[in-house]
Amino acid sequence: EITPLGTGAALPARGRHPSAQLLNASEELYLIDCGEGTQERLRRIGVNFMRIGHVFISHLHGDHYLGLVGLISTMHLMGRTRVLHVHAPEGIGSIIDIQLQASRTYLRFPLKVHVLPEGSGQEVWSDRFVRVTSLALVHRIPCVGFIFKEAPLPRNLRKEKVHLIPHFMRQAVKEGADLALPDGSSLPNEELTTDPMVPRSFAYCSDTAYAPELIEHLLGVDLLYHEATFTEQMSGRAKETMHSTARQAGMIARDANVGRLLLGHFSSRYKDVDALVAEARTVFPHAQAAEEGITLPIV
């Protein structure tokens, strides 16, 4: 599930905060972007951010990372010992180091910085919960989007057959093994289990101009977050600043045949975002605005 924490572009305005999202995959938490005030937003929704193991920073414009050092500092003060992984473009290590050096802060926990790869389709991270790959976004400075794909889930044991499976064999059966019986025969796995849920996927397209070359990497994603800074009336400004309009976000979602489209990174010029959502829906009906603090299941 995904919880948007910040939906505004460039600056905090109109009750909207800078970019940040929290992804929960099997109760493992991943933070995507970390704009100013992110830790306060996490507190407000009741999340223990000490559980966050990875932070993914799309690019080094301040509205996407200025909350990071504050979050790291708070984790230090709260006695964190678990390693924190930060995945970001080249330069984030120096930004963190100079601030820790200036305050003579020596972290109590290991901090590992990973420089993001260039190009789309490159592996950023993989663990037993998710595999994360890159999207080469088109912006004024190097900017990377992310696709999170859930790791394959084990098969489900049939309730009426669980009693037949010794405890020490259940994990093997979940992984596809047949059950050997004492008489030398066996029960085939399909009689003991049912298919697991198909792994789900979430794509995060941070600041980017309209980039149809991303479509091949986004095909069939269950939920696509795509920036929608402007309406088509401001298409000149969108092109100048290398951002997208809501209609362009809808076109990407339509052409990639995604399940749902989540819009965000709204310019402060818009008092509300109804016009942006309506514009995206002209080309992709399953579009909605990201709402801060509202958790969405990815299905």
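For the structure itself, consult the block above.
Residues numbered from 1 in each chain as written. Predicted model: local features only at pLDDT ≥ 70, side-chain atom pairs only at ≥ 80, totals over all residues. Heavy atoms only, no water.

A. Representation of unusual backbone geometry within the structure. Within the chain, Met 242 stands out as a residue other than glycine whose phi angle is a positive 60°. Residue placement: Met 242 occurs in the loop between helix 7 (235–241) and helix 8 (246–255). The backbone of His 265 sits at a positive phi, close to 60°, despite the residue not being glycine. Under the relative-accessibility criterion, His 265 is labelled buried at 3%. (Helix = DSSP H or I, 4+ residues; strand = E, 2+ residues; numbered from the N terminus. Buried < 20%, exposed > 50% of the residue type's maximum accessible area, 1.4 Å probe, protein only.)

B. Region of interest: the nonpolar core. Among the nonpolar cores identified, the biggest contains 32 residues, and Leu 218, Leu 224, Leu 261 and Leu 263 are the most heavily contacted of them. Among the elements of the structure, strand 14 (201–205), helix 6 (215–218), helix 8, strand 16 (260–264), helix 9 (274–281) and strand 17 (287–289) are those that each provide at least two residues to this core. Broken down by element, the residue count for this core peaks at four residues, all from helix 8. With residues near it in sequence (within four places) discarded, Leu 224 still touches Ala 203, Cys 205, Leu 218, Ile 252, Ala 253, Val 258, Arg 260, Leu 261 and Leu 262. (Core = buried A, V, L, I, M, F, W, Y, C linked by side-chain atoms within 4.5 Å. Contact = heavy atoms within 4.5 Å.)

C. Representation of the packing of helix 2 (residues 68–77) against helix 3 (residues 92–102). As a packed pair, helix 2 and helix 3 sit with axes 10 Å apart at the nearest point and diverge in direction by 55°. As summarised for this structure, helix 2 and helix 3 are arranged oblique, according to the angle between their axes. In this structure, the crossing between helix 2 and helix 3 has a hand that is right-handed. Residues Leu 68, Val 69 and Ile 72 of helix 2 pack against Ile 92, Ile 96 and Gln 99 of helix 3. Looking at side-chain class alone, the contact of helix 2 with helix 3 contains five nonpolar, one polar and no charged residues. (Axes fitted to C-alpha atoms, helices over the stretch in contact; angles between N-to-C directions. Parallel < 35°, antiparallel > 145°, perpendicular 65-115°, else oblique. Left-handed = near helix turned anticlockwise from the far one by under 90°. Nonpolar A, V, L, I, M, F, W, Y, C, P; charged D, E, K, R; others polar.)

D. Here's a closer look at the pairing of strand 4 (residues 52–56). For strand 4, the buried fraction is high: five of the five residues fall into the buried class. Bridging between strand 3 (residues 28–34) and strand 4 involves four bridges; their strand directions are parallel. Within strand 4, the position partnered with Tyr 30 by the bridge is His 54. The handedness of the strand 3 to strand 4 crossover, carried by helix 1 (residues 38–44), is right-handed. As paired strands, strand 4 and strand 5 (residues 84–88) are joined by three bridges and run parallel to one another. Counted as the bridge partner of Phe 56 is His 87 from strand 5. Once you follow strand 4 into helix 2 and on to strand 5, the crossover reads as right-handed. (Pairing = 2+ DSSP bridges. Right-handed = clockwise from strand over helix to strand, strands pointing away.)

E. Local environment of the pattern of salt bridges. Going through the model one piece at a time under the given rule, you end up with nine salt bridges. Taking the shortest distance from any N to any O, the salt bridge between Glu 27 and Arg 51 comes out at 3.3 Å. You can see Glu 27 sitting in the loop between strand 2 (20–25) and strand 3 and its partner Arg 51 sitting in the loop between helix 1 and strand 4, a full 24 residues away along the chain. What makes Arg 51 partly exposed here is its relative accessible area of 32%. Between Arg 155 and Asp 195 there is a salt bridge, with the nearest N and O atoms lying 2.9 Å from each other. You can see Arg 155 sitting in the loop between strand 9 (144–150) and strand 10 (156–157) and its partner Asp 195 sitting in the loop between strand 13 (193–194) and strand 14, a full 40 residues away along the chain. (Salt bridge = Lys/Arg side-chain N within 4 Å of Asp/Glu carboxyl O.)

F. Helix 3, seen in detail. Regarding helix 3, the residues found buried are Ile 92, Gly 93, Ile 95, Ile 96 and Leu 100. Down the axis of helix 3, the buried set is contained in an arc of 165°. They therefore lie on one face. Residues of helix 3 that are exposed and angled more than 90 degrees away from the buried face: Ser 94, Ile 98, Gln 101 and Ala 102. Structurally, helix 3 contributes buried residues whose contacts are with helix 2, strand 5 and strand 6 (111–115). Just beyond helix 3, the residue with positive phi is Arg 104, at close to 50°. (Arc of directions from axis to C-beta.)

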